Amino acid sequence: MWFAILACVSGVLLVLGSWRLARAQPSAHALEACVRSLQQSAPVPVDAADRISVRVGQLVERIGRTRSRSVAVAELNEFISEVDSASGAEVPLTLARVCFTLGLLLGVLALATRLGAATGVGLEAATPALVAVMAGLASGMVCYQLGLSARRRRQEFRGVLRRLTQVLERRLPASDA
């Protein structure tokens, strides 16, 4: 019975961690405001509560001071690497595999414990194992969906970054000044 309880509790904790990481993916809205401001040469609206918005505002200031495309692209690449390292977009998909594996492992251990205790084989002996496997399967499916959502948000963010690079290419000269 303890294996089933452990599978359920660990599944819930892994889903909560996956949800937190999926929700923390950067939004493309702040970066879209950056693209619009660079196209129109207007200041970027910065939301002080949103970390990405503040970082994008700082990026626009640094890019606005540069007169060379290569320096601006280097600033953008540095920003991309910082955001990628902080985002952890692949973690929810990894947590899905952990949930599947943990549920299966705890189910096997629950069944082995019941068989080792020689308390009989039947529905009563298999119930904790089935609960553990189902808890791992359910939590793994939720983590997988959260991982897909995080991956989709990250791809949207990358698409806006490509548009920002195109704006920089049109705005700044190709040769270093």
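The structure presented is a predicted model; accordingly, all values stated were derived computationally and were not measured.

Draft legend 1. Molecular detail of the overall build of the chain. The helix and strand inventory of the chain stands at six helices and zero strands. Starting at the N terminus and ending at the C terminus, the chain contains elements arranged as α-α-α-α-α-α. When burial is assessed residue by residue, the chain has 37% of its 177 residues classed as buried. Counted over contacts in the chain with a minimum sequence separation of 6, partners at least 24 positions apart contribute 80%. Roughly 10,200 Å² of accessible area belongs to the chain as shown, and the carbon and sulfur atoms make up 63% of that amount.

Draft legend 2. How the structure looks around the nonpolar core. One finds Leu59, Ile63, Leu76, Phe79, Phe157, Leu161 and Leu168 to be the most contacted residues of the largest nonpolar core, which totals 13 residues. Secondary-structure elements contributing two or more residues to this core are α3 (51–65), α4 (69–87) and α6 (123–171). At five residues, α4 tops the list of elements feeding residues into this core.

Criteria and cut-off values
- Residues numbered from 1 in each chain as written.
- Predicted model: local features only at pLDDT ≥ 70, side-chain atom pairs only at ≥ 80, totals over all residues.
- Heavy atoms only, no water.
- Helix = DSSP H or I, 4+ residues; strand = E, 2+ residues; numbered from the N terminus.
- Buried < 20%, exposed > 50% of the residue type's maximum accessible area, 1.4 Å probe, protein only.
- Contact = heavy atoms within 4.5 Å.
- Areas by Shrake-Rupley, 256 points an atom, 1.4 Å probe, with all protein chains shown as cover.
- Core = buried A, V, L, I, M, F, W, Y, C linked by side-chain atoms within 4.5 Å.

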